[in-house]
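# Structural description and commentary
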Amino acid sequence: MRISTSQFYAASLTGILNQQNTLNTLSQQLSTGSTLVNPSDQPVAAAQNVALTGQINRLAGYAQNGQNAQNSLQLESATLQSVTTLVSQARQLAVQMNNGTVSSQDLQNAAATMQGYVQQLAQYANTQDGQGNYLFAGSKSGAQPFVIQADGSVQYQGDGGQNQLALGPNLNTAIGDPGNALFMNARAGNGTFSVNAASSNTGGATAGPGTVNNTALAQQTLQVDGTQYQISFSGSGGSMTYSVASGNGGAFSASPVASGSFTPGMSISLPPGNTPAITVPIVGTPSSGDSFTIGAAAPQSLFQTFQSLAQAFSASAQASGSNALRAQSISNALASLDQNQTNLLSAQASIGSRLQQVQAVQTQNSSLTLQLQTQQTQLTSINYPQVITEYQSSLTALQAAQKAFTQVQGLSLFQYL
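Remember, predicted model here, so these are calculated numbers, not experimental data.

## Concerning the overall build of the protein
- A tally of regular secondary structure across the protein gives eight helices and 14 strands.
- Burial analysis of the protein (417 residues in total) assigns 39% to the buried set.
- Look at the contacts in the protein between residues 6 or more apart in sequence, and 68% of them connect residues 24 or more apart.
- Looking at the protein as shown, the accessible area adds up to about 21,300 Å², and 50% of this sits on carbon and sulfur atoms.

## A word on the packing of helix α3 (residues 104-125) against helix α6 (residues 302-314)
- Interaxial distance between α3 and α6 falls to 7 Å at its minimum, and their mutual angle equals 165°. Taken together, the axes of α3 and α6 lie roughly antiparallel to each other. The handedness of the crossing between α3 and α6 comes out as left-handed. Only Leu 302, Phe 303, Phe 306, Gln 307, Leu 309, Ala 310, Phe 313 and Ser 314 of α6 make contact with α3, whose side of the interface consists of Leu 107, Gln 108, Ala 110, Ala 111, Met 114, Gln 115, Tyr 117, Val 118, Leu 121, Ala 122 and Ala 125.
- Residues belonging to the contact of α3 with α6 are distributed by class as follows: 15 nonpolar, four polar and no charged.

## Structural notes on the pairing of strand β4 (residues 171-174)
- Bridge analysis of strand β3 (residues 164-168) against β4 gives four bridges, and the strand direction is antiparallel. Bridging from a neighbouring strand, Ala 166 pairs with Asn 172 of β4.
- Linkage of β3 to β4, two consecutive antiparallel strands, is achieved through a turn of two residues, within which Asn 170 is found at a positive phi near 60°.

## Focus on helix α5 (residues 215-224)
- Turning to α5, its buried residues are Ala 218, Thr 221 and Leu 222. All buried residues of α5 fall inside an arc of 80° around its axis, so they share one side. Among the exposed residues of α5, those pointing more than 90 degrees away from its buried face are Ala 216 and Val 224.
- Tucked into the core, α5 has its buried residues touching β5 (193-197), β7 (211-212), β8 (228-234), β13 (278-283) and β14 (291-296).
- You can read the cap of α5 off the contacts: a side-chain oxygen lies 3.4 Å from the backbone nitrogen of Ala 216, and it is on Asn 214.
- Looking at the residues trailing α5, positive phi occurs at Gly 226, about 75°.

## Remarks on the pattern of salt bridges
- Within the structure shown, the criterion is met by two salt bridges.
- For Asp 338, the salt bridge identified is with Arg 91, shortest N-O distance 2.9 Å. Here Asp 338, found in helix α7 (residues 322-380), pairs with Arg 91, found in helix α2 (residues 43-97); they are 247 residues apart in sequence, far enough to count as distant.
- On the basis of relative accessibility, which here comes to 29%, the residue Asp 338 falls in the partly exposed class.
- Relative accessible area serves as the criterion here: at 29%, Arg 91 is assigned to the partly exposed category.

About the cut-offs
Residues numbered from 1 in each chain as written. Predicted model: local features only at pLDDT ≥ 70, side-chain atom pairs only at ≥ 80, totals over all residues. Heavy atoms only, no water. Helix = DSSP H or I, 4+ residues; strand = E, 2+ residues; numbered from the N terminus. Buried < 20%, exposed > 50% of the residue type's maximum accessible area, 1.4 Å probe, protein only. Contact = heavy atoms within 4.5 Å. Areas by Shrake-Rupley, 256 points an atom, 1.4 Å probe, with all protein chains shown as cover. Axes fitted to C-alpha atoms, helices over the stretch in contact; angles between N-to-C directions. Parallel < 35°, antiparallel > 145°, perpendicular 65-115°, else oblique. Left-handed = near helix turned anticlockwise from the far one by under 90°. Nonpolar A, V, L, I, M, F, W, Y, C, P; charged D, E, K, R; others polar. Pairing = 2+ DSSP bridges. Arc of directions from axis to C-beta. Polar contact = N/O pair within 3.5 Å; in protein donor to acceptor, adjacent residues only side chain to side chain. Salt bridge = Lys/Arg side-chain N within 4 Å of Asp/Glu carboxyl O.

So, in structure tokens, the structure goes:
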């Protein structure tokens, strides 16, 4: 078989180029540590690697969301703990002022302190995270949720929504709570009904926040039906009596639904009968003509409760009945503060539950990411000893091919003539 010079050059060049290509591939594998230098060489492995990379990147996104959610929930929990502490301080101050021996100066100082508490509460309610988002604005996190008006009232400008972050496929968690649910909508009194003294009362009696004996009946009678009761007193000394009138919307019937002799410290059950829904204690001795109104507890903001305490402390005159009226206002505020504390504790429990969920998902995502990274490493990582050996062999083969080509191309019959 005869081999032409062109065939010889072509075959030799092809062999050298193939050896150089192999050597270049092995060199890239050694420098990158990956077997997938040319995806076309291993299309199945390359496709698997792309899929693994996508999964790892998605998990990284979920991990970042989880960290953001954890930071936001921890900040919210710490803020609500500060609010709870503030409520406790307000409660302690109210208890201190709820006696007849405090001076006018003490009451004025307490009123100023409560106004400061309103400002401090507004600061907590307008807390922002590291990105400038308001925690308690609902889904309107870019707008300040609570604004103190010129008359001292506080307006909520957020909404009732909640921002969500994805922790995984079809798994979201709320990273905030709307401020209206936390600070604006707790019910006054004992949560079911509230008791208010008439501003014209001159006696020394106060009505306690009362107790609920039958929750279903109380809610039906007071909240659904809208029934109200007015307890009025007449007489004096040992011959004092009480009467109970019922009504709706502040209008009461002329005919009482119950009446009887009054003894200081007694409790009056409503509605009258064998199965009363609520009981209201009357502490102290009222004057003839004094009255108390009982109705369904309405939503009352924590700001309103703080401001009602400030107003109660401001009424420092020692006129007849003023101490009892102040004591009634403080008693009502204390009951409302208890409802707000219960509301805040419930919110903190919910936040704690969400934090536990976020941490559990973070742990699971971290474990899954590690597994995928291990699979990807096993799929793409080279065996260094093996590749180094192949590299040395390819380098030797290339050098041999180049030397052989050089020697063979110099052969000619004319050298032997």
